[in-house]
Amino acid sequence: MNAPILLQPDETFILNVGPQHPATHGVLRVKMEMSGEYIVNAETVIGYIHRMHEKMGELKTYPQFLMNLSRMDYLGALGYSHCHVLVVEKASGIVVPERAEYIRAIMVELNRIASHLFWFGAFVMDLGGFSPLMYALQDREHILDMLEAVTGSRLTYCYFRFGGLYNDIDDDFIAAARRFIPRMRKSLKKYKALVTGNIIFRKRLEGIAPLTPEMCRKYGASSAVARGSGINFDVRRNEPYSVYPEFDFDIPVYHECDSLARYMVRMDEIEQSLRIVEQGLDKLPGGPIMPDKKPKIIKPPAGDYYQAVETARGSFGVRLVSDGGKNPYRLKLRSPTYSNMHLFDEACRGMMIMDALAFMGSLDLVIPEIDR
Amino acid sequence: MVAYFTEIFNGLLSLFIGMGITFKEFFKPTVTVAYPYETLTMCARYRGHIELVPDEEGNPKCVVCGLCEKACPSDCISLAGEKPEGGKKKELTKYNLDFTRCSLCGSCVESCSFGAIDFSKEYNLASTRKEDFIFNLLQRLEEKKK
């Protein structure tokens, strides 16, 4: 038997978390310099599933690149597609019918709820509670079934088209969505009693991993990470796009800056998304889902275009530089988790390892979206 | 001192509330399916891999225009056709789908103006050999005809 290694009091060791580790939710590697159970320094290493999405964007024509966007963030794919179609529509001057834009908003919000539910389940599982994951997945399943019936797929939707949509929604979908809203509200109450009120859960998150608003600004953090630190910024409200100005909804903001605040923001966002879906279904106008006049080949005039949207993970932006050809000259994808993740290196110094992993869970990282 | 005991009491209470919820869920009906012993039928719009659509006589509707081949972002589709002697229209002689590269985006079905390709509802496609995913769709159609 080997003799145990004895460390000197001021000696540190390197702990390698990932790239295949359940707590990193994907292929993220974290090199942690540890002093006992405390982190002295941490370095996130990314790039394990880099797929050159930006380069693919330059090589493929606009319609051919459509389906790539849903491969970036597999949990909230529709928000990313939405941004891409919006920027290309803006560039080539395509006018989207009102009905299509309403359906897009409804779908994106449903997808946001599905994404938050999955995050909720996985986050609680990181902290050691298994049942909430099962309950969250059961609710999420209802959304996936609804989306599948309309779009034809459950995860990597390729639903939005330049100018409109691939399929129209039917009465079955509307009825299912209306049934889902009260169900989800009931479930939210259940989660509140089961998880939010739980003493073990609260003790592990309250006051842990404080992120100052300055730090969030420095790293360009968005979504619940910034809103949990008191930064009232949501692209849907601050730089309105699509039909969001038509809806009445609140932006949940918490000033506690800790992991629990980030959790609370996301749970409140589910309720706000339900409100948007409800209003969208009430206001849904009739009409076509594709415009009458649409260029056969998409060739935006030369120029530089940018569009940002609020996805489930934060503000996602697409910068499109066109030279007037069939392919973009440059397609920059600004991914929100990339900024959110880099907070981790600085913020986790001095933290205990289990707090750091709980903190990582509260950032809601989706690795394919960081690497893209 | 009082706060200390209140916290312990409230903490214990929160645990029992949680236990109550999981206990209630325990008696709720099962919602999962014991796959592979039970399977679900896919919805009408399910996007599986593509298949050729036959006309009334069972021959492919395809006119070999090659639009699906061009629309595909990943070059999955390769097709060929030739004019039979004395015939006017091209007839399909080969239609291969490389499913290893397909991402099920549906661009090919959308590009087809003849309704010659459609999504299948097949999803039990696991295999350990790569060759199993090179689908000869024309051969599949002929087998179906028989």
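A quick note: this is a predicted structure, and the numbers were derived from the prediction, not measured.

J.: Is there a simple way to think about the overall build of chain A in this case?
T.: Within chain A, the regular secondary structure consists of 14 helices and 8 strands. Against the compact-globule benchmark of 21 Å for 372 residues, chain A has a radius of gyration of 21 Å, which places it among compact chains. With the principal axes as the frame, chain A shows a C-alpha extent of 75 × 50 × 40 Å. Within the span of chain A, comprising 372 residues, buried residues form 49% of the whole. For chain A, long-range pairs separated by at least 24 residues make up 70% of all intrachain contacts whose partners lie at least 6 apart in sequence.

J.: Help me understand the sheet that holds strand β1 (residues 13-17) of chain A, please; the structure alone is not making it clear to me.
T.: Backbone hydrogen bonds hold the strands of a sheet together, and the pairing may be parallel or antiparallel. Residues and elements named next belong to chain A. The strand order across the open sheet formed by 3 strands is β1-β2-β3, and the pairing between neighbours is antiparallel. Looking at strand neighbours, the two that pair on one side only are β1 and β3 (38-45), the edges of this open sheet. Strand-to-strand twist of the sheet, defined as the mean angle between neighbouring strand axes without regard to direction, takes the value 25°. Relative to β3, strand β2 (residues 29-35) runs antiparallel, the two sharing 7 bridges. Across the sheet, methionine 32 pairs through a bridge with alanine 42, a residue of β3.

J.: Would you explain the interface of chain B and chain A in this entry?
T.: Often the size quoted for an interface is simply the accessible area lost on bringing the parts together. With 19 residues of chain B at the interface, the matching set in chain A holds 20 residues. When residues in the side of chain B that touches chain A are grouped by element, the largest group, 8 residues, is from helix α1 (residues 2-26) of chain B. In terms of residue class, the side of chain B that touches chain A is made up of 9 nonpolar, 7 polar and 3 charged.

J.: Could you clarify how one ought to interpret the packing of helix α4 (residues 98-126) of chain A against helix α5 (residues 131-151) of chain A in this entry?
T.: Two measures define how a pair of helices packs: the angle their axes make with one another and the distance between the axes. Residues and elements named next belong to chain A. Put simply, α4 and α5 touch, their axes get as near as 8 Å, and they point 160° apart. On the basis of the axis angle, α4 is roughly antiparallel to α5. In the crossing of α4 with α5, the sense of the turn from one axis to the other is left-handed. Across the interface between the two elements, Met107, Leu110, Ile113, Ala114, Leu117, Phe118, Phe120, Gly121, Ala122, Val124 and Met125 of α4 pack against Pro132, Leu133, Ala136, Leu137, Asp139, Arg140, Ile143, Leu144, Met146 and Leu147 of α5. Of the residues contributing to the contact of α4 with α5, the split by class is 18 nonpolar, 1 polar and 2 charged.

J.: Just to check I follow, could you spell out the packing of α4 of chain A against helix α11 (residues 259-283) of chain A for this structure?
T.: Residues and elements named next belong to chain A. The interhelical angle for the contact between α4 and α11, taken along N-to-C directions, is 155°, at an axis separation of 9 Å. It follows from the interaxial angle that α4 and α11 lie roughly antiparallel. Two packed elements cross with a definite hand, and for α4 against α11 that hand is left-handed. Contact with α4, carried on its side by Tyr102, Ala105, Ile106, Glu109, Leu110, Arg112, Ile113, His116 and Trp119, involves Arg266, Glu269, Ile270, Ser273, Leu274, Ile276, Val277, Gly280, Leu281 and Lys283 of α11 and no other residues of that element. Across the contact of α4 with α11, the residue classes tally to 11 nonpolar, 3 polar and 5 charged.

J.: Help me understand the sheet that holds strand β3 (residues 91-98) of chain B in this model?
T.: Residue and element names in this part refer to chain B. In space, the 3 strands of this open sheet follow the order β2-β3-β5, with antiparallel pairing throughout. For this open sheet the edge positions go to β2 (77-82) and β5 (134-136), each flanked by a neighbour on one side alone. Here the strands of the sheet are splayed against their neighbours by 15° on average, with no regard to which way each runs. Sheet analysis places β2 next to β3, joined by 6 bridges and oriented antiparallel.

J.: I'm lost on the domain arrangement of chain B in this one. Help?
T.: Examined at the domain level, chain B breaks down into domain 1 (1-31) and domain 2 (50-145). Computed from C-alpha atoms alone, the centre-to-centre distance between domain 1 of chain B and domain 2 of chain B is 57 Å.

J.: Teacher, can you tell me more about the pairing of strand β6 (residues 303-311) of chain A here?
T.: Moving residue by residue along a regular strand, the side chains alternate between the two faces of the sheet. All names here are of chain A. Judged from the 9 bridges that link them, β6 and strand β7 (residues 314-322) form a sheet pairing that is antiparallel. Paired with aspartate 304 across the bridge in β7 is valine 321. The antiparallel pairing of β6 with β7 creates a hairpin that spans 2 residues between the two strands.

J.: Where do I start with the pairing of strand β8 (residues 330-334) of chain A in this structure?
T.: Residues and elements named next belong to chain A. Burial of the side chains of β8 is restricted to one face: Leu331 and Leu333 are buried, whereas none of Arg330, Lys332 and Arg334 on the reverse face is. Examined bridge by bridge, β7 and β8 share 5 bridges and lie antiparallel to one another. In the sheet register, valine 318 faces β8, and the bridge partner there is leucine 333.

J.: Whenever I open this one, the nonpolar core confuses me. Can you help?
T.: Burial of nonpolar side chains together is a common tendency in soluble globular proteins. Within the largest apolar cluster, 110 residues are counted, with the highest numbers of intra-cluster contacts made by Leu110 and Phe359 of chain A. With 16 residues, the top contributor of residues to this core is α4 of chain A. Apart from residues no more than four positions distant in its own chain, phenylalanine 359 of chain A is found in contact with Ile208, Ala209, Ser259, Ala347, Cys348 and Met351 of chain A. Judged by nonpolar contacts, the second largest core, of 17 residues, contains Cys68, Leu92, Tyr95 and Cys108 of chain B.

J.: Explain α4 of chain A to me, please; I cannot follow it from the model alone.
T.: Three or four residues apart is the spacing at which side chains of an α-helix point the same way, because the helix has 3.6 residues per turn. Residue and element names in this part refer to chain A. If you check α4, its first and last C-alpha atoms are 42 Å apart, about what 29 residues at 1.5 Å a residue would give, namely 42 Å. Counting buried positions over the 29 residues of α4 gives 25, a clear majority of the element. The first or second residue beyond α4 is glycine 128, which carries a positive phi of 105°.

Calculation notes
Residues numbered from 1 in each chain as written. Chains lettered and ligands numbered in written order. Predicted model: local features only at pLDDT ≥ 70, side-chain atom pairs only at ≥ 80, totals over all residues. Helix = DSSP H or I, 4+ residues; strand = E, 2+ residues; numbered from the N terminus. Rg over C-alpha atoms; globule rule 2.2 N^0.38 Å. Buried ≥ 20, exposed ≤ 12 C-beta atoms within 10 Å, placed from the backbone. Contact = placed C-beta atoms within 7 Å. Pairing = 2+ DSSP bridges. Axes fitted to C-alpha atoms, helices over the stretch in contact; angles between N-to-C directions. Nonpolar A, V, L, I, M, F, W, Y, C, P; charged D, E, K, R; others polar. Parallel < 35°, antiparallel > 145°, perpendicular 65-115°, else oblique. Left-handed = near helix turned anticlockwise from the far one by under 90°. Domains from an automatic or database assignment. Core = buried A, V, L, I, M, F, W, Y, C linked by C-beta atoms within 7 Å. Expected span 1.5 Å × (residues − 1).

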